[in-house]
Amino acid sequence: MTTTLTPRRSRPPAQPDSLRAKRLPGYAAPALAVLALLVSAGLVYGVDLGGPVLVVVLGALLYLAGLFAAANAVEGRRSARNRFWSALIHSALVLAVLPLASVVWTLFSKGTARLDGDFFGSSMNNIGARDANGGAYHAIVGTLEQVGIATAITVPLGVLCAIYIVEYGRGRFAFTIRFFVDVMTGIPSIVTGLFVLAFWVLIVSPWFNDGQPGFSGFAAALALSVLMLPTVVRSTEEMLRLVPAPLREGAYALGVPKWKTILRVVLPTALPGIVTGIMLSIARAAGETAPVLLVAGGGAAINFNPFENNQSSLALFVYQQAGEASKYSPARAWTAALTLVVLVLVLTVAAKLLARRNRLGR
Amino acid sequence: MAKRIDATDVTAYYGGFKAIENINLTVEPKTVTALIGPSGCGKSTFLRSINRMHEVLPGARVEGSLTIDGQDVYDRDVDVTAVRRMIGMVFQRPNPFPTMSIFENVVAGLRLNGVRKKSILDEAAEKALRAANLWDEVKDRLGKPGAGLSGGQQQRLCIARTIAVEPQVVLMDEPCSALDPISTLAIEDLMFQLKDKFTIIIVTHNMQQAARVSDRTAFFSIEKTGDPGRLIEYDNTQKIFSNPSQKKTEDYITGRFG
């Protein structure tokens, strides 16, 4: 064995003599994009397979490959990788925003047809299949009452539960609560609907109702609050954990009792995040159809009383109108969907503003 | 109103780990006492056990007796919040409450303990801010957030917040380690003034600072990592820095160790 083994030296990257490097001209990327689209259109229509969607998809792939090749040839490997990945990231962004933009556009283009006073001022009571009017007043009332009650139940419960877990809970009991909150996150809404149907509507409500089980908006609110609870607990918990320990210690060192420290220092610091979590849960609850259908029963007439008789909600209204055998109902469904989205949006913005008012301006 | 502190056989644990063992120390009223020693030797742990902040961490506990003017702060029927009101604390990093203005930060201790009257709060805020040498810098922007001040100002704000509740003793846990030399000087000057009214105990890694500001110095050390910290020597600052009686102390302050 006479072969000498020369160890492969790992050299540091060579120092370039100049700081300047060759760059693709500025028009290269857009030109490549146009070229890629043209080639892909030629290919797709040449073999007569598929339509414009395939052209765009194939064009995007060709563009990525072409950009990498061109940059590799002119600018070198590192730069080519950089261009490739940033192009990929931007395409991912476009892909993600596309459905969202499409939903908003569809809502507005189809939802504005019935956006009139009649829609907001009347219910579906005595509206037949041939009547063009009719509205969602009863559904809006139902959604506001159900979500309002659900929020009133859930927020104190959820925030207190999160405070227990973060500030007081030690050992196995707190761990168990956390675990079951996590499990609750995964419960399908129809299951909470069935739970409230079995527990509240069929077992408890007959006590108040002369032995007859009764649908009500309150039952729907109960189901919604079961749905909202895990979201509120988990998001509040995360926000409370983000509050730095030195803030708590600073308050303790002033002789402030623990409960007051939590109330006056920890909660205000975490408030904006907590509000965001609550709004997310409200948005989710406002869009739920199944539990409302199961335990509030829906209904065509206006019912202000959430504790008695059937109530509808916007989500349920959309579901019912979308399946109705009337040429006027799809327009009502779209407008109700638009109303629901705008309602949630307004609530979210208002809550954010309120939470911000508590923070001091810089 | 300053008070005397006696520690007898103070031993502190973090769960199963013994951080300090059998510390015996007496701090006279209206003095500045510096605690020095290498990292991990238990200076901060000892400091935090004086106002019962040590037990805030889960699993942490203290044995032995710690008295303030004869009252044991670890007695079963002692109210922790009363102890902490009597023994205030300034932390290593300035920690103003981010949701509160400068004014609200200073009076936080009073307000959260039930003082509502605006005139009392105004007066207390001005007094504390003047005592902390911060009044002139912030008097025109008391409504602005405390987190908007510079690091040195924030630390003086935290000192103002601490002395606004009029404690008897002020504990300082490396109060200048996050600050520049100018802010450090401002805080050292402040300690000289505060000495007239409060008993001050300061943990510091900066030996010049210990020599400058303190009347008495306690040197803590550990044998090796994992061992509990012990008090090696406690004497007048002059003596410790010129003619320490222990070899370890001398090695440490001359820079041969630690």
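No experiment lies behind these values; they were computed from the predicted model shown.

Looking only at helices and strands, chain A has 13 helices and zero strands in total. Reading the secondary structure of chain A in the N-to-C direction produces α-α-α-α-α-α-α-α-α-α-α-α-α. Computed over C-alpha atoms, the radius of gyration of chain A comes to 29 Å, more than 25% over the 21 Å expected from 2.2 N^0.38 for 362 residues, which places it beyond the range of a compact globule. Projected onto its principal axes, the C-alpha coordinates of chain A cover approximately 100 × 70 × 55 Å. When burial is assessed residue by residue, chain A has 34% of its 362 residues classed as buried.

Glancing now at the overall build of chain B. Counting its secondary structure elements, chain B contains 11 helices and 10 strands. The C-alpha atoms of chain B give a radius of gyration of 18 Å, which matches the 18 Å a tight globule of 258 residues would have. Projecting the C-alpha coordinates of chain B onto the three principal axes gives extents of approximately 55 × 45 × 30 Å. Across chain B, every contact between residues at least 6 apart in sequence was considered, and the portion connecting residues at least 24 apart equals 68%.

In this section: the sheet that holds strand β1 (residues 5-14) of chain B. All names here are of chain B. Pairing in this open sheet of four strands is antiparallel, and the strands run β2-β1-β4-β5 from one edge to the other. Each edge of the sheet is formed by a strand with only one pairing partner; in this case those strands are β2 (17-27) and β5 (71-72). Pairing between β1 and strand β4 (residues 60-68): eight bridges, direction antiparallel. Its bridge partner being in β4, Ala7 is matched across the sheet by Leu66.

This part is about the domain arrangement of chain A. All names here are of chain A. Here the domain parsing of chain A yields domain 1 (28-111) and domain 2 (120-358). Each of domain 1 and domain 2 has a C-alpha centre, and the two are 41 Å apart. Counting residues at the interface gives four residues for domain 1, matched by five residues for domain 2. Broken down by class, the residue content of the side of domain 1 that touches domain 2 amounts to two nonpolar, one polar and one charged.

Turning our eyes to something else, we now look at the UniProt feature "domain: ABC transmembrane type-1" (unreviewed entry) in chain A. Using the residue numbers shown here, the UniProt feature "domain: ABC transmembrane type-1" (unreviewed entry) corresponds to residues 140-355 of chain A. Secondary structure content for residues 140-355 of chain A is 79% helix and 0% strand, and the end C-alpha separation is 25 Å.

Another aspect to go through is the UniProt feature "domain: ABC transporter" (unreviewed entry) in chain B. Summarizing the sequence annotation, UniProt attributes the feature "domain: ABC transporter" (unreviewed entry) to residues 5-247 of chain B in the numbering used throughout. In residues 5-247 of chain B, the share of helix is 35% and the share of strand is 26%. The end C-alpha atoms are 27 Å apart.

Our next topic: the UniProt feature "transmembrane region" (unreviewed entry) in chain A. Residues and elements named next belong to chain A. The sites that carry the UniProt feature "transmembrane region" (unreviewed entry) are, in the present numbering, residues 27-47, 53-74, 86-108, 147-167, 179-203, 215-233, 262-283 and 333-355. In residues 147-167, helix accounts for 100% and strand for 0%; the two terminal C-alpha atoms are 29 Å from one another. Within residues 215-233, the helical portion is 89% and the strand portion 0%, while the C-alpha atoms at the span's ends are 28 Å from each other.

A few words now on helix α3 (residues 77-111) of chain A. Residue and element names in this part refer to chain A. With 35 residues, α3 ought to run about 51 Å at 1.5 Å a step, and its terminal C-alpha atoms sit 51 Å apart, in line with that. Along α3, the largest kink reaches about 25° and is centred on Val97; proline Pro99 follows within four residues of it. Within α3, only two of the 35 residues are buried, leaving the element largely exposed.

What follows is about the nonpolar core. Residues Ala219 of chain A together with Val106, Ala160 and Ala164 of chain B are the most contacted members of the largest nonpolar core, which totals 145 residues. In terms of residue count, helix α8 (residues 217-242) of chain A provides more of this core than any other element does, 15 residues in total. In terms of nonpolar packing, the next biggest core, distinct from the first, is built from five residues, Leu32, Ala36, Tyr63 and Ala71 of chain A among them.

Here the focus is the packing of helix α5 (residues 137-168) of chain A against helix α12 (residues 314-322) of chain A. All names here are of chain A. At a minimum axis distance of 7 Å, the contact between α5 and α12 shows a crossing angle of 140°. Judged by residue contacts, Ala139, Ile140 and Thr143 of α5 engage Leu314, Leu316 and Phe317 from α12. Of the residues that constitute the contact of α5 with α12, the class distribution is five nonpolar, one polar and no charged.

We now examine the pairing of strand β6 (residues 87-90) of chain B. It is a general feature of regular strands that their side chains alternate between the two faces of the sheet. All names here are of chain B. Of the two faces of β6, the one carrying Ile87 and Met89 and the one carrying Gly88 and Val90 are both buried. Of the pairings in the sheet, the one linking β6 to strand β7 (residues 169-173) comprises four bridges and is parallel in character. Following the sheet pairing, Gly88 is matched in β7 by Val170.

Attention now moves to the interface of chain B and chain A. At the junction of the two partners, chain B supplies 25 residues and chain A supplies 21 residues. Those elements that place two or more of their residues in the side of chain B that touches chain A are α2 (80-86), β6 and α4 (108-111) of chain B. By residue number, the principal contributor to the side of chain B that touches chain A is α2 of chain B, which donates four residues. Residues belonging to the side of chain B that touches chain A are distributed by class as follows: 12 nonpolar, nine polar and four charged.

Another aspect to go through is helix α7 (residues 151-164) of chain B. In this model α7 of chain B runs 20 Å from its N-terminal to its C-terminal C-alpha over 14 residues, within 8% of the 20 Å that 1.5 Å per residue would give. Backbone geometry just after α7 of chain B places Glu166 of chain B at a positive phi near 50°.

Bringing the packing of helix α7 (residues 189-208) of chain A against α8 of chain A into the picture now. Residue and element names in this part refer to chain A. Across the interface, α7 lies against α8 with an axial gap of 9 Å and an inter-helix angle of 135°. Viewed along their axes, α7 and α8 adopt a mutual orientation that is oblique. Both α7 and α8 take part in a crossing whose hand is right-handed. Contacts between α7 and α8 involve Ser189, Thr192, Gly193, Phe195, Val196, Trp200 and Val201 from the former and Ala219, Leu222, Ala223, Val226 and Leu227 from the latter.

Residue and element names in this part refer to chain A. With respect to the element layout, Ala337 can be found in helix α13 (residues 329-358). With 22 residues separating them in the primary sequence, Ala337 and Ala315 have C-alpha atoms 7.2 Å apart. Contact partners of Ala337, with chain neighbours within four places excluded, come to Leu107, Gly111 and Val318.

Before going further, it helps to examine the environment of Val83 of chain B. Residues and elements named next belong to chain B. Mapped onto the elements of the fold, Val83 is located in helix α2. Take Val83: there are 20 C-beta atoms within 10 Å of it, and that puts it in the buried class. In this structure, Val83 is in contact with Asn51, Arg52, Val73 and Val78, ignoring residues within four places of it in sequence.

Moving on to the sheet that holds β6 of chain B. Residue and element names in this part refer to chain B. The strand order across the open sheet formed by six strands is β6-β7-β8-β3-β9-β10, and the pairing between neighbours is mixed. Of all the strands in the sheet, just β6 and β10 (230-236) have a single pairing partner and so form its edges. Across the sheet, the axes of successive neighbouring strands diverge by a mean angle of 20°, strand direction being ignored. Here β7 runs beside strand β8 (residues 199-203); their pairing, made up of five bridges, is parallel. Looking across to β8, one finds that Asp173 is bridged to Val203. Relative to β6, α7 is tilted by about 175°, and along the sheet it contacts β6 and β7.

The rules behind each value
- Residues numbered from 1 in each chain as written.
- Chains lettered and ligands numbered in written order.
- Predicted model: local features only at pLDDT ≥ 70, side-chain atom pairs only at ≥ 80, totals over all residues.
- Helix = DSSP H or I, 4+ residues; strand = E, 2+ residues; numbered from the N terminus.
- Rg over C-alpha atoms; globule rule 2.2 N^0.38 Å.
- Buried ≥ 20, exposed ≤ 12 C-beta atoms within 10 Å, placed from the backbone.
- Contact = placed C-beta atoms within 7 Å.
- Pairing = 2+ DSSP bridges.
- Domains from an automatic or database assignment.
- Nonpolar A, V, L, I, M, F, W, Y, C, P; charged D, E, K, R; others polar.
- UniProt positions renumbered as here; feature names shortened; annotations may be inferred.
- Expected span 1.5 Å × (residues − 1).
- Bend = angle between axes of the 7 residues up to and from the residue.
- Core = buried A, V, L, I, M, F, W, Y, C linked by C-beta atoms within 7 Å.
- Axes fitted to C-alpha atoms, helices over the stretch in contact; angles between N-to-C directions.
- Parallel < 35°, antiparallel > 145°, perpendicular 65-115°, else oblique.
- Left-handed = near helix turned anticlockwise from the far one by under 90°.

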